[in-house]
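# Geometric and topological summary
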Amino acid sequence: MKAEDFDKRFDEGAEDIIDDLELKTARRVNREFKRISVDLPAWVVESLDQESARIGVTRQSIIKVWLVERLRSESVNTLPPTETTSRSSAD
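Residues numbered from 1 in each chain as written. Predicted model: local features only at pLDDT ≥ 70, side-chain atom pairs only at ≥ 80, totals over all residues. Heavy atoms only, no water.

## Considerations on the overall build of the protein chain
Looking only at helices and strands, the protein chain features 3 helices and 0 strands. Its helices and strands in sequence order give the protein chain the pattern α-α-α, from N to C terminus. Taken across its 91 residues, the protein chain has 12% of its residues classed as buried. Total accessible area on the protein chain stands at roughly 8100 Å², and carbon and sulfur atoms take up 51% of it. (Helix = DSSP H or I, 4+ residues; strand = E, 2+ residues; numbered from the N terminus. Buried < 20%, exposed > 50% of the residue type's maximum accessible area, 1.4 Å probe, protein only. Areas by Shrake-Rupley, 256 points an atom, 1.4 Å probe, with all protein chains shown as cover.)

Right, here's the structure in full:
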């Protein structure tokens, strides 16, 4: 199926398009991750833990959200959509 036909079916909303997707090979754009290690003073880690517990998220999540927010506010980079902050994993 051509992309134009797929888009038309989707836009019309008349048919279920899930059967036309190859979900096993599908991937999200801008979802490539790179692991880093950062040494922080103990008081910073404790503050991060307190704030993350207060709002009910993991330490890693709050760090990622805050970093993306700061980068966006500084306009240093052209960042992908907010979805990049939605990946959840353990600390």
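## Quick notes on helix 1 (residues 3-12)
Burial of helix 1 is sparse: only 1 of the 10 residues sit out of reach of the surface. Directly beyond the C-terminal end of helix 1, a positive phi value near 65° is found at Gly13.

## Concerning a negative patch on the surface
Where like charges cluster on the molecular surface, the negative patch consists of Glu4, Asp5, Asp7, Asp11 and Glu12. What makes Glu12 exposed here is its relative accessible area of 52%. (Patch = residues over 30% accessible without salt bridge, like charges linked within 9 Å, V, L, I, M, F, W, Y side chains within 5 Å. Salt bridge = Lys/Arg side-chain N within 4 Å of Asp/Glu carboxyl O. Lys, Arg positive; Asp, Glu negative; His and termini not counted. Charge placed at Lys NZ, Arg CZ, Asp CG, Glu CD.)

## Looking at helix 2 (residues 42-55)
Given a rise of 1.5 Å per residue, 14 residues ought to cover 20 Å, and the 20 Å separating the end C-alpha atoms of helix 2 matches this to within 8%. With its phi angle positive at about 80°, Gly56 sits one or two positions after the end of helix 2. (Expected span 1.5 Å × (residues − 1).)

## Section: the packing of helix 2 against helix 3 (residues 59-74)
Put simply, helix 2 and helix 3 touch, their axes get as near as 9 Å, and they point 95° apart. Our classification of the angle between helix 2 and helix 3 gives roughly perpendicular. Contacts between helix 2 and helix 3 involve Val45, Leu48, Asp49, Glu51, Ser52 and Ile55 from the first element and Arg59, Ile62, Ile63 and Trp66 from the second. (Axes fitted to C-alpha atoms, helices over the stretch in contact; angles between N-to-C directions. Parallel < 35°, antiparallel > 145°, perpendicular 65-115°, else oblique. Contact = heavy atoms within 4.5 Å.)

## Thoughts on the confidence of the model for the protein chain
Model confidence for the protein chain is summarised by a mean pLDDT of 80, while 80% of its residues fall at 70 or above. By mean pLDDT, the top-scoring element of the protein chain is helix 2 (96), and the lowest-scoring one is helix 1 (80). Low pLDDT, under 50, characterises residues 83-91; the stretch is placed with 18 contacts to residues that sit more than four places away or in other chains. (pLDDT = per-residue confidence, 0-100.)

## Let's talk about a nonpolar patch on the surface
A surface patch of nonpolar side chains, about 260 Å² in accessible area, is lined by Ile18, Leu21 and Leu23. Judged by relative accessible area, which is 37%, Leu21 ranks as partly exposed.

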